[in-house]
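The chain contents come next:
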Amino acid sequence: MRDLAATIRNKQAHIVVIGLGFVGIPVASAFARAGFRVTGIDLVREKVEKINLGICPIEGREPGLAELLAEVVGQGRLAATADYMVCREADVILIAVETPVDPATHRPQYAALRSAVTALGPHLQPGTLVIVESTLAPRTMLDVVAPLLESASGLSVTRDVHLVHCPERVMPGRLLANLQHVSRVVGGMTPIAADLAVRLYRHVVQADLDVTDCLTAEIVKTAENAYRDVQIAFANEVALLCEAVGADVYQVRGLVNKSPGRQMLMPGAGVGGHWVPKDSWLLISRAGDGFQPRLVPVARSINDAMPLHVVDLVADALQETGREIAGAKVAVLGYAYLENSDDTRNAPSAIVVARLRELGAEVVVHDPYVRAYDGSLDEVICGSDCAVIMVAHDAYKTIDLAHWHPLLRTRAIVDGRNVVMPESARASGFVYRGVGQG
């Protein structure tokens, strides 16, 4: 332990990051910037090749990330490979692979995690610090990772290697900033493992590093995202109420939040991304072990229904113009789940597009950050009967309704993200529907 602590302190540790995605790339780049030699592992050859050329595979607005990656690759501090053999010379190994849930059963799917641990095992050396940054359901470290790692390596996770769960707290659009300035929960399989992890993260994290056990760290991460999911569900419920009675949810929200201790979130067209929808299910995945969840499933059902509610608003707006949804051309603006990002995981827009097509609409899509849909906005709008704003990209916040007026065949707008002022839209001759706008 003393040798590894000194190696970390002197920045002589070789760090291997398994999984080069929204978590792995900024983590690898940050440690390389701090002075460590870092090797990233990913099975996608195209991604490996891009990184080794100094090209960031993550598109969308990520302040400083592309520049940092190019810098540390150019300095020879960061390289990528698909070969797990590099783990033989690693002092520290970080695992940052996806941990989705099954869409039908909502149970954890750990194929990537199991694959990474199994592939790592034969190359793992005694004394290595192994940190899982992926978000996990409670007891996954104890019941899945630890036994699988011991079986694959022949080493004990309490005597031979140092095993830690330190779940990431980054978000697209703020990957580097969150990594540096947001506190972390460090769950050690042993106190020594946790201490080593704190020494390591202190090189890149300027916020608190709170030491606990693996189980507590698992619950903290999944609970914090489920908490946000429940808050969004409340905002969406109030938005639906406002629509039903003829009120403006955004005015209501502003006034609610003037009351001390209240912080009502923004309602919207749905909750997407790889974190919030999935982590709620991970938190309660042990249901049946003397525990029956009630609040989280209700919140999930409310948020899951919002994209379909947007489709109802489209049908209502078109009906006011005298058109049926079948045969109408609908322009969906925004396909990522988050503004100014290219991340399409669990995007509510995918549900809207699929449902509109089921109802017989012709659907065209625009998104300035998603390569498949980054064409001309005017061409997408032209000849459409309804424009549906699903993502609050900056490009949509500056739209000129007067410019849209001659392009749309039927002047209808559905706003899922409070981008367009209802009064301005109606004054410009548009039929307007918005989430939470009665």
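Calculation notes
Residues numbered from 1 in each chain as written. Predicted model: local features only at pLDDT ≥ 70, side-chain atom pairs only at ≥ 80, totals over all residues. Heavy atoms only, no water. Helix = DSSP H or I, 4+ residues; strand = E, 2+ residues; numbered from the N terminus. Buried < 20%, exposed > 50% of the residue type's maximum accessible area, 1.4 Å probe, protein only. Expected span 1.5 Å × (residues − 1). Pairing = 2+ DSSP bridges. Right-handed = clockwise from strand over helix to strand, strands pointing away. Salt bridge = Lys/Arg side-chain N within 4 Å of Asp/Glu carboxyl O. 1 Å grid on protein atoms, 1.4 Å probe; cavity = no way out; pocket = protein on both sides within 12 Å on 5 of 7 lines; lining within 4 Å. Points joined across faces, edges and corners; volume = space filled by probe spheres on them. Nonpolar A, V, L, I, M, F, W, Y, C, P; charged D, E, K, R; others polar. Core = buried A, V, L, I, M, F, W, Y, C linked by side-chain atoms within 4.5 Å. Contact = heavy atoms within 4.5 Å.

Enquirer: What should I look at first to understand unusual backbone geometry in this one?
Expert: One can expect most non-glycine residues to show negative phi and most peptide bonds to be in trans. Phi at K11 takes a positive value of approximately 60°, unusual for a residue other than glycine. With respect to the secondary-structure elements, K11 resides in the loop between α1 (2-9) and β1 (14-18). Taking relative accessible area as the criterion, K11 reaches 37% and is therefore assigned partly exposed. Look at R139: it is not a glycine, yet its phi comes out positive at around 80°. Look at R139 and you get partly exposed, because its relative accessible area is 34%.

Enquirer: Got a minute to help me understand helix α12 (residues 295-321) in this structure?
Expert: Side chains three or four residues apart in an α-helix point the same way, a direct result of the helix having 3.6 residues per turn. Here α12 is 27 residues long and its end C-alpha atoms lie 39 Å apart, about the 39 Å a rise of 1.5 Å per residue gives. The positive-phi residue at the C-terminal boundary of α12 is G322, with phi of around 95°.

Enquirer: Can you help me understand the pairing of strand β4 (residues 92-95) in this one?
Expert: The two faces of the sheet receive side chains in turn, since in a regular strand these alternate between them. Both faces of β4 are covered, namely the face carrying V92 and L94 and the face carrying I93 and I95. In this sheet, β4 lies alongside β1 in parallel orientation, the contact comprising four bridges. Looking at β4, one finds that V17 is bridged to L94. Relative to strand β5 (residues 129-132), β4 runs parallel, the two being bridged by four bridges. Bridged to V92 within β5 is L129. Handedness of the β-α-β unit built from β4, helix α5 (residues 111-120) and β5 comes out right-handed.

Enquirer: What's the story with the pattern of salt bridges in this structure? I'm lost.
Expert: Here the idea is simple: oppositely charged side chains can pair when their charged atoms come close. Throughout the structure, instances matching the rule amount to 20 salt bridges. One salt bridge connects E89 with R37, and the closest N-O pair in it is separated by 3.3 Å. Linking E89 in the loop between β3 (78-81) and β4 with R37 in strand β2 (residues 37-41), this pair joins segments that are 52 residues apart in sequence. The partly exposed category is assigned to E89, whose relative accessible area is 47%. A salt bridge links D143 to R286; the nearest nitrogen and oxygen atoms lie 3.3 Å apart. Remark: R286 occurs in the loop between α11 (276-283) and α12 and D143 occurs in helix α6 (residues 140-153); sequence separation between them is 143 residues. Overlapping salt bridges bring together R61, D394 and K397 as one network.

Enquirer: How should the layout of surface pockets be read in this particular structure?
Expert: Using a probe with the size of a water molecule, rolled over the atoms, empty space left in the structure can be pinpointed. Its boundaries defined by the atoms lining it, the largest pocket holds a volume of some 1,000 Å³. Lining the largest pocket are 39 residues, with M171, R228, Y337, L338 and E339 sitting closest to its centre. Here the element with the most residues in the lining of the largest pocket is helix α9 (residues 214-245); it accounts for six residues. When its residues are assigned to classes, the lining of the largest pocket shows 19 nonpolar, nine polar and eleven charged. Put simply, the second largest pocket is a space of about 560 Å³.

Enquirer: Explain the nonpolar core here, please?
Expert: Nonpolar side chains tend to gather and get buried jointly when the protein is soluble and globular. If you look at the biggest cluster of nonpolar residues, it comprises 56 residues, and the most contacted ones within it are F31, I131 and Y201. Top contributing element to this core by residue count: helix α8 (residues 191-201), with seven residues. Every residue in contact with F31, bar those within four places of it in the chain, is listed here: I15, F36, V38, L94, L200, Y201 and V204.

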